[in-house]
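# Remarks on the overall topology
Residue strings, one per chain:
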Amino acid sequence: MNNWLIVAVVLGAAVLAAVLVVALVGGPAVRPPEELLPAELAGFELVNRFDHVEPIFDGERYSSLVSFAPLAGVEFAGKVERMGITAYLFKDRKKAEAAEQVLLDSTGPGAEEVEIDGQAGFAYTSGPGAAAAAGLIWQIGPVIYQVFVTAPGEGEPDLEALNRAALNAAQAVLRLWKKG
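This text gives an overview of the structure that appears in the document. What you are looking at is a predicted structure, and each value in this text was computed from that prediction instead of being measured.

### Brief notes about unusual backbone geometry
Its identity is not glycine, yet His 52 carries a phi of approximately 55 degrees, on the positive side. Residue placement: His 52 occurs in strand β1 (residues 44–53). Classification of His 52 as exposed rests on a relative accessible area of 52%. Positive phi, close to 50 degrees, is recorded for Asp 117, a residue that is not glycine. What makes Asp 117 partly exposed here is its relative accessible area of 46%.

Printed below as a string of structure tokens:
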């Protein structure tokens, strides 16, 4: 009977140790989708695509970037000049978390925590003025995403339209994760 008690205690300790290791490492590995960035975005045309850009952050494998411009006659025409979506792929989640903080620090004061279709992230705006822009930053496992939307240089910027465009881009990215 004592042997069974010892076995039960040892097994319980092993299960507890495994749970602690998984929790400390950051949970189960998140597998990114094959395509990290959308090739199409409703109401926008693809302007540029750069895959496997050299790393700039510690622990980064590479980044990819897509750039879009609004189509004539759509909701964002005349309100958005360009939109860029960047995906930074890291070797591990901890390196991604450190780089996410660097990106957030670069946005200046005022980045606020938001929820994007159940995903935690940060929204920021700059402007009004000639450099009016809006953006979103969020992390999924070893990947950090940044959406950056700029207003045309002339006229009063529509910050609400910039924020809506950034949200549309983020939702397109998150759909890739749901497919994958």
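### Some words on the pairing of strand β2 (residues 60–70)
Two faces, one strand: in a regular strand the side chains alternate between the faces of the sheet. Among the eleven residues that make up β2, eight are buried, leaving the element largely enclosed by the rest of the structure. Relative to β2, β1 is paired through seven bridges, and the arrangement is antiparallel. Across the sheet, Leu 46 pairs through a bridge with Phe 68, a residue of β2. Linking two consecutive strands that pair antiparallel, namely β1 and β2, is a turn of six residues; a positive phi of about 85 degrees is found at Gly 59 within it. For β2 and strand β3 (residues 82–90), the ladder comprises eight bridges, and the chain directions are antiparallel. Pairing of Val 66 across the sheet is with Ile 85, part of β3.

### Observations concerning the packing of aromatic side chains
For the structure on display, the rule yields four aromatic pairs. Centroid distance Phe 57 to Phe 90: 6.1 Å. Interplanar angle 40 degrees. Geometry classified as tilted. One end of the pair, Phe 57, is in the loop between β1 and β2; the other, Phe 90, is in strand β3, and 33 residues separate them in sequence. Using a relative accessible area of 16% as the deciding quantity, one classes Phe 57 as buried. Given the relative accessible area of 1%, Phe 90 is considered buried.

### So, the environment of Phe 68
Its location among the elements puts Phe 68 in strand β2. Owing to a relative accessible area of 1%, Phe 68 belongs among the buried residues under this scheme. Not counting chain neighbours up to four residues away, the residues in contact with Phe 68 comprise Pro 38, Ala 39, Glu 40, Leu 41, Phe 44, Glu 45, Leu 46, Val 47, Arg 82, Met 83 and Ile 85.

### Points about the sheet that holds strand β5 (residues 119–126)
What the seven strands build is an open sheet, ordered β1-β2-β3-β7-β6-β5-β4; its pairing is antiparallel. The sheet is open, and its two borders are formed by β1 and β4 (112–116), each paired with just one other strand. Direction aside, neighbouring strands of the sheet carry axes that sit 20 degrees apart on average. Where β4 lies against β5, five bridges are found, and the strand directions are antiparallel. Note that in β5 the partner of Ile 116 across the bridge is Gln 119. Those strands touched by helix α3 (residues 159–179) are β1, β3, β4, β5, β6 (133–140) and β7 (143–150), and its axis lies near 25 degrees from that of β6.

Each value, and the rule that gives it
- Residues numbered from 1 in each chain as written.
- Predicted model: local features only at pLDDT ≥ 70, side-chain atom pairs only at ≥ 80, totals over all residues.
- Heavy atoms only, no water.
- Helix = DSSP H or I, 4+ residues; strand = E, 2+ residues; numbered from the N terminus.
- Buried < 20%, exposed > 50% of the residue type's maximum accessible area, 1.4 Å probe, protein only.
- Pairing = 2+ DSSP bridges.
- Phe/Tyr/Trp six-rings, centres within 6.5 Å; stacked < 30°, edge-to-face > 60°.
- Contact = heavy atoms within 4.5 Å.
- Axes fitted to C-alpha atoms, helices over the stretch in contact; angles between N-to-C directions.

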